[in-house]
2 protein chains.
Amino acid sequence: MKIEAVDLFYLSMPKVLDIGDGSQDALLVRIRAGDYEGWGECEASPLTSIASFVAPMSHSACKPVKYSVEGKNINDIADIYNISKLVYENSFDLLQADHMLSGIDIALWDLLGKIKQATVYSLLGYKKAYPKLPYASQLFGNTPEETFLKAKKSFDMGFKAVKFGWGPFGKGTLEEDVAQLRAAREGLGKDIHLMIDAGTVWIDNNTDASKRLNALKEINAYCLEEPFINGELAAYKQLSTASPLCPLAAGEGCHNYAQAAAMIEYAGLRFIQIDTGRIGGITAAKRVADLAKAKGVTFINHTFTSHLALSASLQPYAGIKDDLICEYPVESQQLALDITKEKILPDSNGMIHVPDLPGLGMTVDTEKLRPYLVDVEINVNGNNIYKTTAL
Amino acid sequence: MKIEAVDLFYLSMPKVLDIGDGSQDALLVRIRAGDYEGWGECEASPLTSIASFVAPMSHSACKPVKYSVEGKNINDIADIYNISKLVYENSFDLLQADHMLSGIDIALWDLLGKIKQATVYSLLGYKKAYPKLPYASQLFGNTPEETFLKAKKSFDMGFKAVKFGWGPFGKGTLEEDVAQLRAAREGLGKDIHLMIDAGTVWIDNNTDASKRLNALKEINAYCLEEPFINGELAAYKQLSTASPLCPLAAGEGCHNYAQAAAMIEYAGLRFIQIDTGRIGGITAAKRVADLAKAKGVTFINHTFTSHLALSASLQPYAGIKDDLICEYPVESQQLALDITKEKILPDSNGMIHVPDLPGLGMTVDTEKLRPYLVDVEINVNGNNIYKTTAL
């Protein structure tokens with residue numbers, strides 16, 4: 001079977017706010033072959049990723065992403081690996097290509113699952129998908145009082161694990177951060193896992209990060225996520241052995257396997273967090289999950305958007321029983337909720353389950369998405385090289 | 001003084017060929033403030049970088065690059081650092097932003113140099129710019145015979161150092177590669193430094209790379225460049241200690257300081273090669289040069305395009321006397337040659353000199369460039385968000 005069409009759909013809320021909420025827009029990828037179609041989603045800046053898909057060639061290693069996808073075979077897993085390999089070879093000087101590839105690779109796994117009537121995790125070699133413990137992932141409130149109320153709400157909803165991140169954290173004084181951390185713990189009570197996401201706020205500054213370690217210990221933080229920017233290996237390593245110890249989590253910014261491998265190998269992480277929508281898709285994420293397992297580092301998905309992205313991000317480690325925790329978006333915009341007809345909801349034990357249906361097991365609700373569709377037109381020297389397809 | 005205008009110019013040869021020659025198109029950046037203007041150039045996929053400059057915001061950490069540049073102050077070095085910092089903060093989920101920032105940062109240094117009537121290298125803190133030994137950087141011929149003739153030509157032109165890379169190298173049999181290597185050495189004679197660029201062809205496969213070590217020793221290779229893809233730290237480290245030893249060079253793919261720091265720290269490199277047009281501009285490149293010096297690793301520019309890019313890429317290590325070698329494009333397309341009125345040419349001793357004029361010391365030849373200008377128009381929901389400015 002050949003790939004007959006690759007269509008990109010840029011969706012957006014009517015108004016995008018200047019807040020750390022990545023669910024305000026989305027780039028969906030639909031790939032069609034024969035009677036089948038697969039869907040994928042990639043992270044951030046839809047217009048830039050669309051440009052990477054259609055941009056005129058700059059040279060042999062800077063071709064548009066579409067060059068390595070359109071018209072290619074899709075009959076077996078080897079075909080998906082081949083397309084990844086082609087994108088890396090043909091577009092490796094095109095920085096944005098890794099994000100674009102992510103959505104394409106996810107759509108290809110969904111498509112192949114539908115062709116073979118198999119779940120993606122089984123195609124990846126897992127005999128079984130284990131339940132995951134979702135943590136409610138959300139932004140810090142603007143004040144400790146707001147954070148307290150958000151924490152209380154998550155507790156009341158029955159979440160066993162909660163993450164707070166971004167917002168004002170790390171941007172004001174140490175005392176303000178301590179107040180935020182205490183408010184989160186107070187709202188949750190002592191038995192809930194509490195994870196803290198610094199959103200790279202300290203860049204590479206170990207002194208600023210280290211000052212928070214006492215408070216993180218006081219609130220019994222499960223982990224500290226992204227104190228530094230992605231790839232600052234030495235800063236991570238140093239903080240990982242600082243006192244009092246706090247387990248570190250990072251990796252969402254990795255846009256290829258080699259970067260994640262370096263974080264696992266050199267950064268002293270306890271948790272590697274992979275965004276399937278950024279790292280090059282399910283193919284690259286599965287390689288990272290395998291490496292993490294071999295190295296004793298726990299794999300966690302990074303997902304802050306739709307349930308399509310959530311299903312995609314769970315597949316790469318669905319079969320690893322001990323990697324129990326998963327990021328679970330609880331503050332998504334309506335757009336993200338409207339993307340799929342099905343939702344992945346916690347069961348009565350508070351656990352979530354990877355869909356046991358072909359592909360990613362999700363149906364994209366094209367009708368509901370139409371009002372969100374952003375019309376893009378790109379002309380180069382008077383020739384139209386991209387125009388949004390009808391949804 | 002405030003930044004009043006940032007204009008992007010996508011230039012291209014009439015026909016872009018499917019060869020490893022990055023000089024077939026270019027993205028120039030012009031920044032104006034008061035009566036002054038500065039110029040920069042960034043690597044690869046102009047359309048994608050333009051999209052990153054104007055794309056609608058996705059969330060607080062995925063804003064278009066222009067958000068952090070337009071209207072900002074430009075009076076002093078601190079203003080340039082501030083703009084870099086803002087781009088990292090405001091666009092860190094926008095992968096392509098690092099390439100776009102590179103051209104902007106270069107233009108800002110050129111602009112500030114013109115405002116202060118100072119060379120960029122002096123603004124960077126260097127008292128003096130030392131002459132550099134240029135190596136003629138070119139592609140392998142399609143056959144050993146072609147490579148031999150190219151090598152002979154470089155010798156006749158008086159180059160003391162030559163690099164061959166890409167083309168068929170690493171893509172065929174070991175014997176074919178050995179024949180290419182011998183042809184290059186035979187064409188140059190025994191006294192010329194000969195560098196070999198594998199163009200990441202072995203991805204992370206040490207076995208394939210190691211098989212070439214004997215031949216590299218036989219031809220007395222000065223270094224082996226990019227056997228693996230950027231960031232494959234473990235593969236590099238392993239090859240760096242394999243027998244027979246061959247000094248390794250890499251780093252051109254780094255798109256931020258942290259990645260280059262990791263390559264210096266963990267990859268066992270003898271040479272770190274930085275493309276100022278990719279790593280985030282002169283600001284990031286200078287940080288890498290400082291680190292390389294401290295760690296005993298030799299800094300080399302990566303430049304395969306214009307003399308504007310060449311001047312920009314020399315500034316960050318102009319004042320480091322011992323880092324003698326520099327990459328020098330000798331096969332550029334006419335477009336790349338037409339970008340600047342001035343050229344940086346070898347003197348009678350075969351050495352080149354960083355221009356001793358304000359900024360980058362180059363004049364962009366706007367008139368000559370007009371025929372190359374690519375007209376780009378991007379419309380989002382019926383609104384024009386980008387249209388090429390007249391040159």
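Residues numbered from 1 in each chain as written. Chains lettered and ligands numbered in written order. Predicted model: local features only at pLDDT ≥ 70, side-chain atom pairs only at ≥ 80, totals over all residues. Heavy atoms only, no water.

A. A look at empty space enclosed by the protein. This structure, assessed with the given rule, holds five cavities of 30 Å³ or more. Counted as a void, the largest cavity has a volume near 210 Å³. In terms of lining, the largest cavity is formed by 19 residues, of which the most central are B:Gly20, B:Trp166, B:Glu252, B:His302 and B:Phe304. Those elements that provide at least two residues to the lining of the largest cavity are β4 (133-139) and β5 (161-165) of chain B. Looking at the lining of the largest cavity element by element, the count peaks at three residues for β4(B). The residue inventory of the lining of the largest cavity, partitioned by class, reads three nonpolar, seven polar and nine charged. Looking at which domains feed residues into the lining of the largest cavity, each of domain 1 (5-122 + 365-387) and domain 2 (123-338) of chain B supplies at least three. The computed volume of the second largest cavity comes to approximately 180 Å³. Surrounding the second largest cavity, 18 residues form its lining, A:Gly20, A:Trp166, A:Glu252, A:His302 and A:Phe304 being those nearest its centre. (1 Å grid on protein atoms, 1.4 Å probe; cavity = no way out; pocket = protein on both sides within 12 Å on 5 of 7 lines; lining within 4 Å. Points joined across faces, edges and corners; volume = space filled by probe spheres on them. Helix = DSSP H or I, 4+ residues; strand = E, 2+ residues; numbered from the N terminus. Nonpolar A, V, L, I, M, F, W, Y, C, P; charged D, E, K, R; others polar. Domains from an automatic or database assignment.)

B. Spatial organisation of the relation of the copies chain A and chain B. Between chain A and chain B, the superposition needs a rotation of 180° and an axial shift of 0.0 Å, giving an RMSD of 0.0 Å. Read as a symmetry element, the transformation amounts to a two-fold axis. Counting the interface residues of chain A, we find that 100% of their copies in chain B are interface residues as well, pointing to one common contact surface. (Least-squares fit on C-alpha atoms with pLDDT ≥ 70 in both. Contact = heavy atoms within 4.5 Å.)

C. Just the nonpolar core, in detail. Counting 255 residues, the largest nonpolar core has A:Ile196, A:Ile272, B:Ile196 and B:Ile272 as its most contacted members. Looking at this core, the element that brings in the most residues is helix α3 (residues 97-116) of chain A, giving 11 residues. Discounting residues that sit within four places of it in the chain, B:Ile196 has contacts with B:Phe140, B:Lys163, B:Phe164, B:Phe169, B:Leu181, B:Leu216, B:Ile219, B:Ala221, B:Cys223, B:Leu224 and B:Glu225. (Core = buried A, V, L, I, M, F, W, Y, C linked by side-chain atoms within 4.5 Å. Buried < 20%, exposed > 50% of the residue type's maximum accessible area, 1.4 Å probe, protein only.)

D. Quick look at the pattern of salt bridges. Throughout the structure, instances matching the rule amount to 40 salt bridges over all chains. The partner of A:Glu218 in a salt bridge is A:Arg182, and the shortest N-O contact between them spans 2.6 Å. Of the two residues, A:Glu218 sits in helix α8 (residues 213-218) while A:Arg182 sits in helix α6 (residues 174-188), which places them 36 residues apart along the sequence. Exposure remark for A:Arg182: the relative accessible area of 38% places this residue in the partly exposed category. Of the charged contacts in the structure, one is a salt bridge between B:Arg212 and B:Asp177, with a shortest N-O distance of 2.9 Å. Of this pair, B:Arg212 sits in the loop between α7 (206-210) and α8 (213-218) while B:Asp177 sits in helix α6 (residues 174-188); the two residues are 35 residues apart in sequence, bridging distant segments of the chain. We note that B:Arg212, like B:Asp177, is buried. (Salt bridge = Lys/Arg side-chain N within 4 Å of Asp/Glu carboxyl O.)

E. Quick peek at the environment of A:Ala5. All names here are of chain A. Its place among the elements puts Ala5 in strand β1 (residues 5-12). Take Ala5: its relative accessible area is 23%, and that puts it in the partly exposed class. Placed 271 residues apart in sequence, Ala5 and Thr276 show a C-alpha to C-alpha distance of 22 Å. Not counting residues within four places of it along the chain, the set of residues in contact with Ala5 comprises Arg30, Ile31 and Arg32.

F. Summary view of the sheet that holds strand β13 (residues 383-387) of chain A. Sheet architecture is open: four strands sit in the order β13(A)-β12(A)-β12(B)-β13(B), paired in antiparallel fashion. With partners counted over all chains shown, the strands left at the sheet margins are β13 of chain A together with β13 (383-387) of chain B, one partner each. Averaged over all pairs of adjacent strands, the angle between their axes in this sheet comes to 20°, without regard to strand direction. The pairing of strand β12 (residues 376-380) of chain A with β13(A) spans four bridges and is antiparallel. Of the residues in β13(A), the one forming a bridge with A:Glu377 is A:Lys387. Strand contacts of helix α1 (residues 46-54) of chain A: β12 and β13 of chain A together with β12 (376-380) and β13 of chain B, with the helix running at about 45° to β12(A), the strand carrying the most contacts. (Pairing = 2+ DSSP bridges. Axes fitted to C-alpha atoms, helices over the stretch in contact; angles between N-to-C directions.)

G. Local environment of unusual backbone geometry. Residues and elements named next belong to chain A. Note that the residue after Ser243, namely Pro244, is joined by a cis bond; omega there is -10°. Looking at where Pro244 falls in the secondary structure, it is placed in the loop between α9 (233-240) and β8 (248-250). Its identity as a non-glycine residue notwithstanding, Thr200 has a phi of 65°, on the positive side. For Thr200, the location among the structural elements is in the loop between β6 (193-197) and α7 (206-210). Thr200 gets classed as buried once you look at its relative accessible area, which sits at 7%.

H. A look at helix α5 (residues 144-156) of chain B. Residues and elements named next belong to chain B. For α5, which comprises 13 residues, the first-to-last C-alpha distance of 18 Å matches the rise-based estimate of 18 Å (1.5 Å per residue) to within 8%. If you check which residues of α5 are buried, you get Thr147, Ala151 and Ser154. Viewed along the axis of α5, the buried residues span an arc of 60°, placing them on a single side of the element. Turned more than 90 degrees away from the buried face of α5 sit Glu145, Leu149, Lys153 and Asp156, all of them exposed. Check the buried side of α5 and you find it contacts β4, β5 and α6. (Expected span 1.5 Å × (residues − 1). Arc of directions from axis to C-beta.)

I. Representation of the interface of chain A and chain B within the structure. The interface of chain A with chain B comprises 63 residues on the first partner and 63 residues on the second. For the pair chain A and chain B, the summed buried area comes to about 4,700 Å², and 57% of that belongs to carbon and sulfur atoms. If you look at where chain A meets chain B, you find six salt bridges. Linking B:Asp18 and A:Lys63 is a salt bridge whose minimum nitrogen-to-oxygen distance equals 3.0 Å. At the junction of chain A and chain B, the tally comes to 20 residue pairs in polar contact (both at pLDDT 80 or more). Among the elements of the structure, α1, α3, α9, α10 (257-266) and β12 of chain A are those that each provide at least two residues to the side of chain A that touches chain B. (Buried area = accessible area lost by both parts, 1.4 Å probe. Polar contact = N/O pair within 3.5 Å; in protein donor to acceptor, adjacent residues only side chain to side chain.)

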